Amino acid sequence: MKRSDIIRSIQVKFKRLSSAEAAGIMDTVTDCLTDAVTNGDRVEIRGFGTFQSRNRAPKTTRNPRTGKTMTLPGRRGVLFRPSPELTKQMNEE
């Protein structure tokens, strides 16, 4: 599902919204999620899952082409954990 599909779904659900208004809603939600996770907050969407930032430690790896070892710096990433309801719904057949 792409961003445009979600915007179209918002328009179908709320028929009075224009495509620009639905896109604005989508942008607002993604901006709020991005800001919260960037600030280190945990974002929980009941029935869907949680997002939180995770610090990853630096690691030593090997370049497959040259064989040289190199150190990759630590970085921040996003961890998503699906809710039990979402997991159950995905596993139903």
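All values derive from a computational prediction rather than experimental measurement. Numbers given to residues run from 1 along each chain, matching the order in which its sequence is written. The predicted origin of the model limits local features to residues at a pLDDT of at least 70 and limits the giving and counting of side-chain atom pairs to 80 or more, whereas totals for whole chains, interfaces and linings rest on all residues. Side-chain figures throughout are based on the complete set of non-hydrogen atoms in the structure, without hydrogens or water.

J.: An account of the overall build of the protein is needed here, citing residue identities and associated values.
T.: Tallying secondary structure elements over the protein gives three helices and five strands in all. Strands here are runs of E lasting at least two residues and helices are runs of H or I lasting at least four, both read from the DSSP assignment and numbered beginning at the N terminus. Secondary structure of the protein in N-to-C order comes out as α-α-β-β-β-β-β-α. For this measure, only C-alpha atoms enter the radius of gyration; the expected value for a globule follows 2.2 Å times N^0.38, where N is the number of residues. Relative to a compact globule of 93 residues, whose C-alpha radius of gyration would be 12 Å, the protein shows 19 Å and is clearly more extended. Each residue is assigned to one of three classes by its accessible area relative to the maximum for its type, calculated with a 1.4 Å probe on protein chains only: buried under 20%, partly exposed between the two thresholds, exposed over 50%. Sorting the 93 residues of the protein into buried and exposed places 14% on the buried side. Should any heavy atoms of two residues lie within 4.5 Å, those residues are counted as being in contact. Contacts in the protein between residues far apart in sequence, at least 24 positions, make up 32% of those at least 6 positions apart. To be clear on the numbers: accessible area is Shrake-Rupley with a 1.4 Å probe, and residue cover counts the displayed protein chains and nothing else. A total accessible area of about 7800 Å² is found for the protein, and carbon and sulfur atoms account for 53% of it. Lys and Arg are tallied as positive, Asp and Glu as negative. Neither His nor the chain termini are counted. To locate a charge, take NZ of a lysine, CZ of an arginine, CG of an aspartate or CD of a glutamate. Both charge centroids of the protein, one from 18 positive and one from 10 negative side chains, sit 10 Å from each other.

J.: How would you explain the sheet that holds strand 5 (residues 75-82) if you had to name every residue and give the values?
T.: In sheet architecture, strand pairing relies on hydrogen bonds along the backbone and comes in two forms, parallel and antiparallel. By definition, two strands form a pair when at least two bridges between them are found by DSSP. Reading across the sheet, the three strands line up as 1-2-5 and stay open at both edges, with antiparallel pairing between neighbours. Of all the strands in the sheet, the pair left with one neighbour each is strand 1 (43-45) and strand 5. Each adjacent strand pair in this sheet contributes to an overall mean axis angle of 25°, direction not counted. Here strand 1 pairs with strand 2 (residues 49-56) via three bridges, running antiparallel. An axis is simply a line fitted to the C-alpha atoms; with a helix, the fit covers only the stretch in contact. Between two such axes, the angle follows the N-to-C directions and lies from 0 to 180 degrees.

J.: Provide a residue-level description of the environment of Phe51, including the pertinent values.
T.: Structurally, Phe51 can be placed in strand 2. Spatially, the C-alpha atoms of Phe51 and Leu33 are 8.4 Å apart, while their sequence positions differ by 18 residues. Apart from residues no more than four positions distant in its own chain, Phe51 is found in contact with Val37, Asp41, Arg42, Val43, Ile45, Val78, Leu79 and Phe80.

J.: So what's going on with the pairing of strand 4 (residues 69-72)? Which residues, and what values?
T.: Examined bridge by bridge, strand 3 (residues 59-62) and strand 4 share four bridges and lie antiparallel to one another. Counterpart to Thr60 in the pairing with strand 4 is Thr71. The turn linking strand 3 back onto strand 4 is made up of six residues, and Gly67 within it adopts a positive phi angle of 85°.

J.: Account for a nonpolar patch on the surface, naming residues and giving values.
T.: On the surface, a nonpolar cluster with roughly 240 Å² of combined accessible area is contributed by Ile45, Phe48 and Phe80. As for its placement among the helices and strands, Ile45 is situated in strand 1. Like charges within 9 Å and nonpolar side chains (Val, Leu, Ile, Met, Phe, Trp, Tyr) within 5 Å are joined into patches, using only residues over 30% in relative accessible area that form no salt bridge. By salt bridge we mean one thing: a side-chain nitrogen of Lys or Arg within 4 Å of a carboxyl oxygen of Asp or Glu.

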